[in-house]
Each structure stands twice: as structure tokens, then as C-alpha cells.
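# A look at the structure
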There are 2 protein chains.
Amino acid sequence: MASLIFTDCSSSTMLRHNHLNRRNGSYLPRPCASLRSTASGRGCTLSIRSSSSPFAIVINGKAEAKKIRDDIKTEVSRMKESIGVVHGLAVILVGENKESATYVRNKKKACESAGIQSFEVLLPEDSSEEEVLRSVSGFNDDPCVHGILVQLPLPSHMDEQNILNAVSIEKDVHGFHPLNIGRLAMRGGEPLFVPCTPKGCIELLHRYNIEIEGKRAVVIGRSNIVGMPAALLLQREDATITIIHSRTENPEEITREADILISAAGQPNMVRGSWIKPGAVIIGVGTKRVEDSSDARGYRLVGDICYEEARKVASAFTPVPDGVGPMTIAMLLLNTLASAKKIHNFQ
Amino acid sequence: MASLIFTDCSSSTMLRHNHLNRRNGSYLPRPCASLRSTASGRGCTLSIRSSSSPFAIVINGKAEAKKIRDDIKTEVSRMKESIGVVHGLAVILVGENKESATYVRNKKKACESAGIQSFEVLLPEDSSEEEVLRSVSGFNDDPCVHGILVQLPLPSHMDEQNILNAVSIEKDVHGFHPLNIGRLAMRGGEPLFVPCTPKGCIELLHRYNIEIEGKRAVVIGRSNIVGMPAALLLQREDATITIIHSRTENPEEITREADILISAAGQPNMVRGSWIKPGAVIIGVGTKRVEDSSDARGYRLVGDICYEEARKVASAFTPVPDGVGPMTIAMLLLNTLASAKKIHNFQ
């Protein structure tokens, strides 16, 4: 598959990225013949079309996440007023991975704005597994904490499975405990929590009323965090799933069969227009930092999808940024709210 | 999918079934250009071919299961002589499902012949869930028992998940505990036990040296017992998997993409020749009893695969009977042996 990966998808890349960074304009849902009302929110229905569209719908994850977070804030406040419970979400961050630090910072801000209390343990890269396990155990026993998140990836000298297993399943708001994954995989199984990013992908499909049942869905990537649970979720919704990974031959041929494509490869611009079935819905999860001296941060985020080409073929797609990313944190807060409601038996 | 299901695949069905029931002849592995030595056992390599063969290899599950059971018997005996441990496998059977009763009877015979002690609890159909849970608990605590098998399906008034969860994960030789399934689904996860039927399917592919890595594999059926874990196992071996189920549109089109096809639908003769890619390897798991007054039992077992057609297109296939069936019990004994070795720390 590697030979088919591109770091740029056209000569007009900078133009495209400038375009993608505009906040007001291209990313606002456009009217389209296949929409019943507007493109955003439950009020519309987007059927997967068999023909291409010159103007694909942009699935506005940022706006949907905002709505969800507003609803969560209301519920958190109602619960506090009714039974005096303050929600708590604990994060354990080991080492100095920049992307993890950014995610944790954003999560903290989101908690604050929703009225959820943040707890943090920051451990140095060379911490022992026992130190991490001690922190997990402390949060497991802390009644002020309703959700525990061990930020991945962990340093390579630690046994990730061992640490994830140690998180109390009742507080496993990341949904990475194997018991939650097992229940997710099993028909009739009821996971207490579902991993946040794939849950956010499915939530976007629901909010845009995109039909899943009976559709061909292809997931690129089989990570424990996104690809595998995304495939399991799509299957629970009666899609016919295919999972593409690094050993897959002819990935392009397979993605062209997809009515719904979720890409979580982390390979910039891998999914070109030719990879996409006309009218497909494209959910781009994977992103990578690409050096960019013109950006104040010194990098820009580039997604798996070559959007300039995708928008001419697909019927709808998520952008980078403001696509799936904001939904992940919204789902984390939603799982934390659900955990607190369950623990305190609050309806 | 239902509209494409056939209960018979040609006008010469009876001839075909007579043929399929012959023990000496058609089912013996045949020499073939694609085999390095013989068709049976580790000594041969079967490459998935791109062209059809007039004489597909018959994958002799009965013979392979016999070899495995002989090896198990030797190991069981060695362990008994070395440390005095007698292996024990416990079965809980609720109600009077005939197929379950047959399976339990066969399992008991197989245990006897391998030197493994059988424990059985037979409960009436109207037993309470608590009674089943009490039996599970008793076997969990019994040091003579190394594996516990709750025979499925359970009566509909019982919560299957609840009962499967109650089996100690160290004795979950059926591999149905959600923690084992979760570990099976996760990259880097290490299930203590893998469900027996799909494990048997993969073992047959290994024993016939059929390449899995990078191949397109299609699984028909998404049951917790066969389809889902079979797909997870194929993915662990780096196949690119697609899972077909009752809501799948155009299943025939999808199965024609498969280099390896595992069918666990329980729909007699569903997979016709036209469903099969030339040169594919076909593993037929699903079977159904079909009334047959000419058979002393009053029925015959008919598999998902229309063998008369499949053998002209596929490069290899498992028959019914004597295909995957015997492997299931062999894998159950293998899991029980592994459990006892782990519990007693025996190498």
C-alpha cells in the first residue's frame, strides 16, 4: 500500500490548503438536491448518491460537536443542581508527545467549558509502568472521578494492554478496555463505553442522516483506537465492512467499492479522487503534521484525504481541521456524562 | 441476501450427496500441480491460483483432526505421568437441542479417547439462569476442571452474555468470554483462548500451507461463535477481510472477490459456483439438517457450499461431513490441554 501514498495531491496544494483553512465560506453546508432541508443536523437526509457531485457536502464536525457540548453542559449543570454531583475526568499523560499534549490541553478546556472538573497526572517519559498503574488505581478509587483516560501512545517500555486493563471498566470513558472492545465486537454485547473517535464518526453519519444499513463501508487502518472499533461500529449498524491495512493489495480498488469510507491511516493525501466511488461519503480521521514555515506553528495538519479531488467525486466529506477532531472530545465528554449518570443512578 | 439462497444447487443433488458421502475415493487429497508434496498436512503448499481447476483439493478436516487428537493424547499422557494431573473438561447443557446433544456426545467420546476426564451438568429447558450460574461457579472453583463449556444456544429466557461472562477466563476454553474476544480484536491483544470452530478453520489453512497474508478473505456470517471471530483471526494473519451478513446487498459479487471464503451461514447450498473466484479456497462451516427419508437418521447434513459446482471453480474446499466439524472438537481438546498446562505451569 505504501507505494500508493502521496504527500501532496496536486500542484495547487497551497491554494487548496488556504482554501481548507478558511472558516467562513467553503465549509458551510451548501444546499444540494439530495438534502431534504439543510445539510447540517438531524433535520436533513443525505442519501448516498450513485453519481458524482461538483459540490460535495462538507460535514461540519466542529458545528455538530459544539451542539453536543452545549447539550452536555446543560445536563452537567442539571445534575449538579439536582444531586450536587460535580463531574470529574482524569487524564494520565506520560512523556512529552506534542500531539498528546495538545489533545490533553484541548480536553481540559472543553471540560472547563462544560462544567466538568479536570484531574491530571503528568509523568515523565522514563516513568515506570508501576507509577502509571498507581495513578490509575488512585483514580479508580476516587469517587470524584467518573472517567479515566490514559493518553496513548505510551512510551515503548510500558505494556499498554496491561495499563488499559487496569482502568476500572466503569470509568473506561475511552472505551479501550478489552472487555468493552469484546462487548463491542459481540452481537448482543453491550459495551459500557465506545471509543471516542469512531463513535464521533458514526455520530456524524447519524446527524447527517447518512444511511449505513446495507451499505458497503471500507475502513482504512486497523488500529485499536480508530480503525478496528470503527469497523465494529459500522457492522453493528448493518453495513458490510472491509478493513484495509498495510498488507492490503490494491487498496484503491477496494476503496472504490465503498459507499462509506472511513480513513484512519495518518498518510497525508493518500485517498485520491480515483480511490473514491462517485457519491460516496468520506470520513477522514487520519492526520499528520507536515512542516510549513508559512504557518505560525511551523506545521500544518494534513489529512488522509486529498480533498481537492475528493470534493469532486464524493457526496459528502469531513474536512481537516473541523471534521472528526472536535467530535472526539465531544464524545469523551458524553461518555464522562454517561458514566456519572450511571454511577449516581441519575436519569 | 435471502433471495439468493438455494436449498439445492442442481438437478443431480442426490448423486452429488451420494458422492459426498463416499469415504474412500473423492475425498482423498489428489496430486495437483500446485502442491509441493501431498495435499494433506504441513508437507505441502497450496498457493491460491488465479485459474480454476477441474479437480479442487479436498481439505480433509477429519484426517487433520485425527492427527491433532493423537498429539493431544500423547501430551495428556505425558503430563499425567510427569506430574499426576488428569485433565478435566466440564460441559453444561441446558435443554434438549438435538444438535447440541450430538456435539456434547461427540465431545465426550473425544475426551475419553484423549484421556481427558469429562464432567457434565444436564439441566432441563426450564431451569433458571441462577441454576446455570451455580453450575458455572462450581466448575470455576473445581481444581479438577481445566475447561468449562456452556453449550450454546441457551434457552431464550436466559441472558447468554451474563452466563458466558461468569465462566472464569482461565477456563474459557470455548473462547467466548468478552475479555477473550476483546483481546482477539485488539492488535497486540493476547486472548487466552480462541473460539474453537474458527480456530479450526485457520488451522486447516495453516496445515495446507494456504497463504493468508495480503489475501482477500470474505466471511459469510457474523455470529459470535464463528463468523466474527473467524474474521478477526483472518485479520490477525494480515488478510483483508470483508464480512457478509443478512443485510448485505449483492453477496455474490463480494464473495467473487475472495481468495479465501469462510461460509458460516447455515443456508444449504447458498454458495454456488458463480459465487466463487476461480482458484479460491473455500471453508464451509455452516450446515443444516435437511430431512431425508433415505438416511437411517431421517436427515442429512447439507452445507452452505454447493460442492458440485464449487469443486469445478475453487482450488480447495472443505467437505461436509469431515471438513471443519471434526476440527472444532480437536481445537476444544487443544484449548483444554493448553489450559491445564498453564494452570499447572507445565511445559
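Within an unreviewed UniProt entry, the label attached to chain A reads Bifunctional protein FolD 4, chloroplastic-like, and the organism entered is Camelina sativa. As recorded by UniProt, the Pathway (unreviewed entry) comment attached to chain A reads in full: "One-carbon metabolism; tetrahydrofolate interconversion."

The contact between helix H6 (residues 178-185) of chain A and helix H6 (residues 178-185) of chain B brings their axes to 7 Å, and the two run at 90 degrees. Relative to H6 of chain B, the element H6 of chain A is oriented roughly perpendicular. Mapping the contact onto sequence places Pro178, Leu179, Ile181, Gly182, Arg183 and Ala185 of chain A in H6 of chain A and Pro178, Leu179, Ile181, Gly182, Arg183 and Ala185 of chain B in H6 of chain B. In the contact of H6 of chain A with H6 of chain B, the residues fall into 8 nonpolar, 2 polar and 2 charged.

The next point concerns the sheet that holds strand E3 (residues 117-123) of chain B. Residues and elements named next belong to chain B. Strand order in the open sheet formed by 3 strands is E3-E2-E4, and the pairing between neighbours is parallel. The open sheet is flanked by E3 and strand E4 (147-150), the only strands paired with a single partner. With strand direction ignored, the average angle separating the axes of adjacent strands in the sheet is 15 degrees. Alignment of strand E2 (residues 88-94) against E3, held across 7 bridges, turns out to be parallel.

All right, on to the packing of aromatic side chains then. Residue and element names in this part refer to chain B. A complete count under the given rule lists 4 aromatic pairs over all chains for this structure. Ring centres of Phe119 and Phe139 lie 6.5 Å apart, and the angle between their planes is 65 degrees; this geometry places the pair in the edge-to-face category. With Phe119 in strand E3 and Phe139 in helix H4 (residues 129-141), the pair connects residues that are 20 residues apart, well separated along the chain. Here Phe119 falls in the buried class, since its relative accessible area comes to 17%. Since its relative accessible area comes to 9%, Phe139 is described here as buried. Pairing Tyr307 with Phe317 gives two aromatic rings, centres 5.4 Å apart and planes at 35 degrees, and the pair type is tilted. Of the two residues, Tyr307 is situated in helix H10 (residues 307-313) and Phe317 in strand E11 (residues 316-317); the sequence distance between them amounts to 10 residues. Here Phe317 falls in the buried class, since its relative accessible area comes to 2%.

Quick notes on the rules
- Residues numbered from 1 in each chain as written.
- Chains lettered and ligands numbered in written order.
- Predicted model: local features only at pLDDT ≥ 70, side-chain atom pairs only at ≥ 80, totals over all residues.
- Heavy atoms only, no water.
- UniProt positions renumbered as here; feature names shortened; annotations may be inferred.
- Axes fitted to C-alpha atoms, helices over the stretch in contact; angles between N-to-C directions.
- Helix = DSSP H or I, 4+ residues; strand = E, 2+ residues; numbered from the N terminus.
- Parallel < 35°, antiparallel > 145°, perpendicular 65-115°, else oblique.
- Contact = heavy atoms within 4.5 Å.
- Nonpolar A, V, L, I, M, F, W, Y, C, P; charged D, E, K, R; others polar.
- Pairing = 2+ DSSP bridges.
- Phe/Tyr/Trp six-rings, centres within 6.5 Å; stacked < 30°, edge-to-face > 60°.
- Buried < 20%, exposed > 50% of the residue type's maximum accessible area, 1.4 Å probe, protein only.

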